[in-house]
Amino acid sequence: MSCAACAGRVEKALAAVPGVRSASVNLATETARVETAAPLAFDALRTAVENAGFEAAPVDTAAAPGAEPPDDAGGTVHDWLRGANHGLPVVLSALLSLPLAAPMLLAPLGVHWMAAPWLQWLLATPVQFLFGARFYRAGWHAARAGAGNMDLLVALGTSAAYGLSVYLLLAGHAAHLYFEASSAVITLVLLGKWLEARGRRQTTAAIRALRTLRPDSARVRRNGIDADVPIASVRPGDVVVVRPGERIAVDGEIAEGASDVDEALITGESLPVARGAGDRVTGGAINGAGLLLVRTTATGAETTLERIIRLVEDAQAAKAPVQHLVDRVSAVFVPVVLAIAGLTLAGWWFASGNLETATINAVAVLVIACPCALGLATPAAIMAGTGVAARHGILIKDAAALETARGITAVVFDKTGTLTQGRPVLAVLRPHGIAADGLLALAAAVQRGSEHSLARAVLDAAHDRKVDVPAAQAVTALPGRGLAAAVDGRDLVLGSTRLMTERRIDLAPLQGEAARLEQSGHTVSWLADAGACQLLGLLAFNDPPKPTARAAVARLHAQGIATTMLTGDNAGSARAVAEATGIGGVAANLLPADKTAHIAGLKARGARVAMVGDGINDAPALAAADVGIAMATGTDVAMHAAGITLMRGDPALVADALDISRRTFAKIRQNLFWAFVYNLAGIPLAALGLLNPMVAGAAMALSSVSVIGNALLLRRWRPRREAA
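Everything quoted here is computed from the prediction, not taken from an experiment.

Asker: Describe the overall build of the protein chain, listing the residues and the values that go with them.
Answerer: Along its length, the protein chain carries 27 helices and 24 strands. In the protein chain, which comprises 724 residues, the proportion classed as buried is 49%. Of the contacts made within the protein chain by residues no fewer than 6 positions apart, 68% connect residues no fewer than 24 positions apart. For the protein chain, the accessible area works out to roughly 31500 Å², and carbon and sulfur atoms hold 59% of it.

Put into structure tokens, the structure is as follows:
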């Protein structure tokens, strides 16, 4: 495909196939995404595309790891000549065209030289019919399909200049030949397409980088023997051995070992992160210095890496709503240009009586009016923007989310796991009649076998303080209350105020402090010796805000974006987090339906709302918001409901996601503006005889390259923290 008109023709042909619900064609990647009502034979789609004048092949989703999309040029001479990815045809065409264009280039220097007329014909003919064959072929297919495209305009324009020159040569009027116009236009257009192809490959660099992370084999330990097996044969539950410096082959949980893991290309986190037994690791990450045994939890299409690749591909294949306007313009663009060229020819011939002048001006109209830039303006920017965002841990699901995110005026945060760590820590330890380390050792003994998050906080604190934890016997869970156990001959109970009251434990010595802690958002547990009815102390837990939360909220406020926190947690805890992060408003004790209603209220008051969350209970609110932003550290349900996923649980990425959305859409607007202005200015100038066809060809080639180049500037974007 060479321009927006081609993409529109393929799209229309695919949509007309019985059973096809929708078809979307991306000019920048030269791919089509087709949704069908039921399984459909690919041959039906291929036939429709071929009838429209193109060729089609199914995307190879099972390509070898790291495989790149095939070039559009194969090994035959025929393929070589028409392939936009090859630079050699451009060089040869330029060498043949240079003697023809030399008089125009040398004249300003006072040098007057011109090749002999028959030599001009010999030089121009291979350029016209060998290197320009692709324009004839594609233009003929377009004409047969009753449509027009850029190739048809170039073929008609250059043929008119070449044909007029041959006529004048045979008629003996060799003083005014226009072989340089036809040859230079073909050379410049080929140069533009080659540069454009190179630019396109750069816009897909993010996808290629992710594909290189796909492993093709894994070292699996079965029956005590390590063996390398194809990745397709690895199953959930298999233990994969990852040696130091190797790439982790599967998503899984570390069964044994500890190491630093580099997840930069997956999460955007620049520094390796420590991982040990029980921690999750992601396929595609690079192991550090430790040997890891990883128990597989996901393989194939279900791995995090594959889901990331699918999300980025979906976003790059999708059309932004503004693209539909471009499609409507492109559908009528070529017929209108042909009509203007016809009027230019007739008008100049009638006004001047000079067919040569009329033909050259009509040729300039045909050449200058290329819809390439229009077709590339939106997809090139989307591909570059979503690609660079993915490199830094921001996955944008589709172009609609990208376009909506630029206008966000209010951001709503969930609390637990979004603004806070999502894992309680032991914040306060208050012993009563016992040493602090003794209180911690007894509490850790009671909770050693528990999976509760508060138990983990106690055990982590004991580990950090290097406290010796005694063994516990007869550990009993007391549902809704806490735990009971025998430790060093004591009958201990650990749990809530209600449990202490039931066991007649006097809490008065620490009750005032407990009340203050609860009011400030802490969760309080008590430890007592039930046999002696003696209070041993209290433990207070909190879920601290993430280190970047306050700065993230401040950045949003600096951009004029209002912030609110919605949580199902108690008011004291919510208030404490709101004060610590500087968030604008807070609502606590909410059910999922209450969060959705709150967002609906904001939208009713005219706000464009982004919801940031990570849990199953956040999914309705994520779906209700104008843009849902999910933390990938949370649940899959939340990520499915969201339009944007943050691969790191870092609130600072929220402002970064909104920033790259605004910048990407700004590039789309810039590209469309210049593409429209270029045609609105260029066509009248050519029709008025103020543009030489060779200059028109250079400008036309430059328009496509400039659109790609402008989009590629997005690759320099960095999240604010990295940019600083």
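So, next bit.
Asker: How would you explain the sheet that holds strand 23 (residues 627-631) if you had to name every residue and give the values?
Answerer: Ordered by their spatial adjacency, seven strands build an open sheet running 12-24-23-22-13-20-21, and the pairing between neighbours is mixed. Only two strands of the sheet have a single partner each, and these edge strands are strand 12 (394-396) and strand 21 (585-587). Averaged over all adjacent pairs, the angle separating strand axes in this sheet is 20°, with direction ignored. Two elements, strand 13 (residues 410-414) and strand 20 (residues 562-566), share five bridges in a ladder whose sense is parallel. Residue pairing for strand 20: aspartate 414 is matched across the bridge by leucine 566. Of the strands in this sheet, strand 13, strand 20 and strand 22 (609-613) are in contact with helix 22 (residues 592-604), which crosses strand 22 at around 155°.

Asker: So what's going on with the sheet that holds strand 14 (residues 425-431)? Which residues, and what values?
Answerer: Pairing is antiparallel in the open sheet, where six strands are placed in the order 14-19-18-17-16-15. Among the strands making up the open sheet, the edge pair consists of strand 14 and strand 15 (472-478). On average, each strand axis in the sheet is inclined to that of its neighbour by 20°, with strand direction left out of account. With six bridges joining them, strand 14 and strand 19 (residues 534-542) adopt antiparallel strand pairing. What sits directly across from valine 425, in strand 19, is asparagine 542. Packed onto the sheet, helix 16 (residues 436-447) meets strand 14, strand 15, strand 16 (482-487), strand 17 (490-495), strand 18 (523-529) and strand 19 and runs at close to 125° relative to strand 14. Sitting on the sheet, helix 19 (residues 508-519) is in contact with strand 14, strand 18 and strand 19, with an inclination near 10° to strand 19.

Asker: Explain the UniProt feature "transmembrane region" (unreviewed entry) in the protein chain residue by residue, including any values.
Answerer: The sites that carry the UniProt feature "transmembrane region" (unreviewed entry) are, in the present numbering, residues 88-106, 118-136, 148-170, 176-195, 329-351, 363-390, 672-691 and 697-714. Between the C-alpha atoms that bound residues 672-691 there is a distance of 23 Å. The span itself is 80% helix and 0% strand.

Asker: Please give an account of the pairing of strand 13 that cites residues and values.
Answerer: Of all five residues in strand 13, five are buried; the element is thus mostly enclosed. Neither face of strand 13 is open: one carries Ala410, Val412 and Asp414, the other Val411 and Phe413, and all of them are buried. Pairing analysis gives four bridges linking strand 13 to strand 22, with the strands arranged parallel. If you follow valine 411 over to strand 22, its bridge partner there is alanine 610.

Asker: Run through the confidence of the model for the protein chain, naming residues and quoting values.
Answerer: Overall, the predicted model of the protein chain reaches an average pLDDT of 83, with 87% of residues at or above 70. The model gives residues 62-78 a pLDDT under 50, and that stretch makes 24 contacts with residues more than four places away or in other chains.

Asker: Outline a nonpolar patch on the surface, supporting the account with residue identities and numerical values.
Answerer: On the surface, a nonpolar cluster with roughly 350 Å² of combined accessible area is contributed by Leu88, Val91, Leu92 and Leu95. Tracing the chain through its elements places leucine 95 in helix 4 (residues 88-106).

Asker: Now, about the pairing of strand 11 (residues 292-298): what can you tell me, with residues and values included?
Answerer: Among the seven residues that make up strand 11, five are buried, leaving the element largely enclosed by the rest of the structure. Pairing of strand 5 (residues 239-242) with strand 11 involves four bridges; the strand directions are antiparallel. Bridging across to strand 11, valine 241 finds its partner in leucine 293. Here five bridges tie strand 6 (residues 251-256) to strand 11, and the two strands are oriented antiparallel to one another. Within strand 11, the residue paired with isoleucine 254 across the bridge is valine 294.

Asker: Tell me about the nonpolar core, residues and numbers included.
Answerer: Ranked by internal contacts, the top residues of the largest apolar core, which has 99 residues, are Ile394, Val411, Phe413, Ile644 and Leu646. For phenylalanine 413, the residues in contact, after removing those within four places along its chain, are Thr418, Leu419, Val553, Leu556, Thr563, Thr564, Met565, Leu566, Ile583, Met611, Val612 and Val654. Leu439, Ala441, Val467 and Ala485 belong to the second largest nonpolar core, which has 25 residues in total.

Asker: Summarise the packing of helix 5 (residues 117-131) against helix 7 (residues 150-170); cite the residues concerned and give the values.
Answerer: Put simply, helix 5 and helix 7 touch, their axes get as near as 11 Å, and they point 155° apart. As far as their axial angle goes, helix 7 and helix 5 are roughly antiparallel. Helix 5 and helix 7 meet at a crossing whose hand is left-handed. Along the contact surface, helix 5 presents Pro117, Trp118, Trp121, Ala124, Thr125, Gln128 and Phe129, while helix 7 presents Thr158, Ser159, Tyr162, Val166, Leu169 and Leu170. Within the contact of helix 5 with helix 7, the residues separate by chemical class into nine nonpolar, four polar and no charged.

Asker: Please provide a residue-by-residue account of unusual backbone geometry, values included.
Answerer: Located in the positive-phi region is lysine 466, a residue other than glycine, with phi close to 60°. Judged by its relative accessible area of 73%, lysine 466 falls in the exposed class. Despite not being glycine, aspartate 488 has its phi angle at roughly 50°, a positive value. Checked against the element boundaries, aspartate 488 lands in the loop between strand 16 and strand 17. Judged by relative accessible area, which is 60%, aspartate 488 ranks as exposed.

The rules behind each value
- Residues numbered from 1 in each chain as written.
- Predicted model: local features only at pLDDT ≥ 70, side-chain atom pairs only at ≥ 80, totals over all residues.
- Heavy atoms only, no water.
- Helix = DSSP H or I, 4+ residues; strand = E, 2+ residues; numbered from the N terminus.
- Buried < 20%, exposed > 50% of the residue type's maximum accessible area, 1.4 Å probe, protein only.
- Contact = heavy atoms within 4.5 Å.
- Areas by Shrake-Rupley, 256 points an atom, 1.4 Å probe, with all protein chains shown as cover.
- Pairing = 2+ DSSP bridges.
- Axes fitted to C-alpha atoms, helices over the stretch in contact; angles between N-to-C directions.
- UniProt positions renumbered as here; feature names shortened; annotations may be inferred.
- pLDDT = per-residue confidence, 0-100.
- Patch = residues over 30% accessible without salt bridge, like charges linked within 9 Å, V, L, I, M, F, W, Y side chains within 5 Å.
- Salt bridge = Lys/Arg side-chain N within 4 Å of Asp/Glu carboxyl O.
- Core = buried A, V, L, I, M, F, W, Y, C linked by side-chain atoms within 4.5 Å.
- Parallel < 35°, antiparallel > 145°, perpendicular 65-115°, else oblique.
- Left-handed = near helix turned anticlockwise from the far one by under 90°.
- Nonpolar A, V, L, I, M, F, W, Y, C, P; charged D, E, K, R; others polar.

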